[in-house]
Amino acid sequence: ENSKLSNNSIMSLVLDKRGTLWVATYLGGLFTYTPERGARQFLDQKSLETDKTYNLAYSPEDDVIYVGTHGNGFAMIDAKQEKVTKTWHDDEYRWISYLSTDSSGLLWIGTYNGAMAYDRRADKLTPYEIEKDKSIRVNSIYESKDGNIWIGTGEGLICIDRVSKEQVMFTESDGLSSNSVSSILEDNDGHLWISTLNGLSRLHLETRTFKNFYQYDGLQENE
């Protein structure tokens, strides 16, 4: 109420190379913020066709903001011009749960029905079938230093080999602390850290073995 923000549900933030902070709200649409002018509504908000902006990603090389929405797919924004340049959705992939860009410039898109990769230069969208005959909600996507893609879902952790295209799923039966994976991050020692709804898992990438940590190990909570 002390600013021009029309909604207090802040879902995602990214900073562009001009120092403009982009703010996704759940029911108020997209905003930009600079210390000089404060918060203001995104100038081309109507082109997003929804106020339920859920996640953001930024490509500094292309100066493009990617916006994921709940119910209307994703959009691309020219950050300098503050103008929507492309929108995309269909009935199966309208609900975007996660966005991230990898080292090659691909946009990885998590949805309530699986994962996709978007190549802006080729204007090509590639769905990744994680399990046939079953849609999996994607919570997070991460590119490890070896170039592989790791996908956190409600059914387990999935590794996609970028060269062979092989997919491997890790679940509780493999040592993962919970099949409900929230977030993924790699450290400098060859480990992948996986936060879940029941504990924190550390995966040794060479041996593919897990070590789990819980509240009694010092975490503030298991979730």
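Please refer to the structure placed before this passage.
This write-up is about the structure you can find in this document. Numbers given for residues are sequential positions, taken from 1 along each chain in its written order. Selection of residues for local features in this predicted model requires a pLDDT of at least 70, selection of side-chain atom pairs for listing and counting requires 80 or more, and totals for whole chains, interfaces and linings are taken over all residues. Working from all heavy atoms in the structure, the side-chain values ignore hydrogens and water.

Details of the nonpolar core
Residues Trp22, Leu30, Phe42, Leu56, Ile65 and Ile77 are the most contacted members of the largest nonpolar core, which totals 14 residues. For helices the rule is a DSSP run of H or I covering at least 4 residues; for strands it is a run of E covering at least 2, with both sets numbered from the N terminus onward. Going through the elements one at a time, β2 (21-25), β5 (53-59), β6 (64-69) and β7 (74-78) are the ones with two or more residues in this core. We call two residues contacting when some pair of their heavy atoms lies within 4.5 Å. Not counting residues within four places of it along the chain, the set of residues in contact with Phe42 comprises Trp22, Leu30, Phe31, Leu48, Ile77, Glu82, Lys83 and Val84. By size, the runner-up hydrophobic cluster in this structure holds 13 residues, among which are Trp108, Ala115, Tyr128 and Ile149. Side-chain atoms within 4.5 Å link the members of a nonpolar core, which is a set of buried Ala, Val, Leu, Ile, Met, Phe, Trp, Tyr and Cys residues. Working definition: with a 1.4 Å probe on protein chains only, accessible area under 20% of the residue-type maximum means buried, over 50% means exposed, and in between means partly exposed.

Thoughts on the sheet that holds β5
In this scheme, strands are said to pair when DSSP sees at least two bridges between them. On the basis of which strands lie adjacent, the open sheet formed by 4 strands has the order β5-β6-β7-β8 and antiparallel pairing. The open sheet terminates on both sides in strands that have one partner only, identified here as β5 and β8 (83-88). Taking each pair of neighbouring strands and ignoring which way they run, the sheet shows an average axis angle of 25 degrees. As paired strands, β5 and β6 are joined by 6 bridges and run antiparallel to one another. Each residue of the ladder has a partner; that of Ala57, found in β6, is Tyr66. Convention adopted: a line fitted to C-alpha atoms gives each axis, helices being fitted over their contacting stretch, and angles between N-to-C directions are expressed from 0 to 180 degrees.

So, the sheet that holds β2
Strands sit in the order β1-β2-β3-β4 across an open sheet of 4 strands; the sheet is antiparallel. Of all the strands in the sheet, the pair left with one neighbour each is β1 (10-15) and β4 (38-41). Neighbour-to-neighbour, the strand axes of the sheet open up by a mean angle of 25 degrees, direction not taken into account. In terms of strand pairing, strand β3 (residues 29-34) meets β4 through 4 bridges, oriented antiparallel. By the bridge assignment for β4, Thr34 is matched with Gly38.

Brief notes about unusual backbone geometry
Positive phi, close to 55 degrees, is recorded for Glu82, a residue that is not glycine. Among the secondary structure elements, Glu82 is positioned in the loop between β7 and β8. Look at Glu82 and you get buried, because its relative accessible area is 9%.

Considering the side chain of His191
If you trace the backbone, His191 turns up in strand β18 (residues 191-196). His191 sits in the buried class, given a relative accessible area of 15%. For His191, the residues in contact, after removing those within four places along its chain, are Leu185, Glu186, Arg202, Leu203 and His204.

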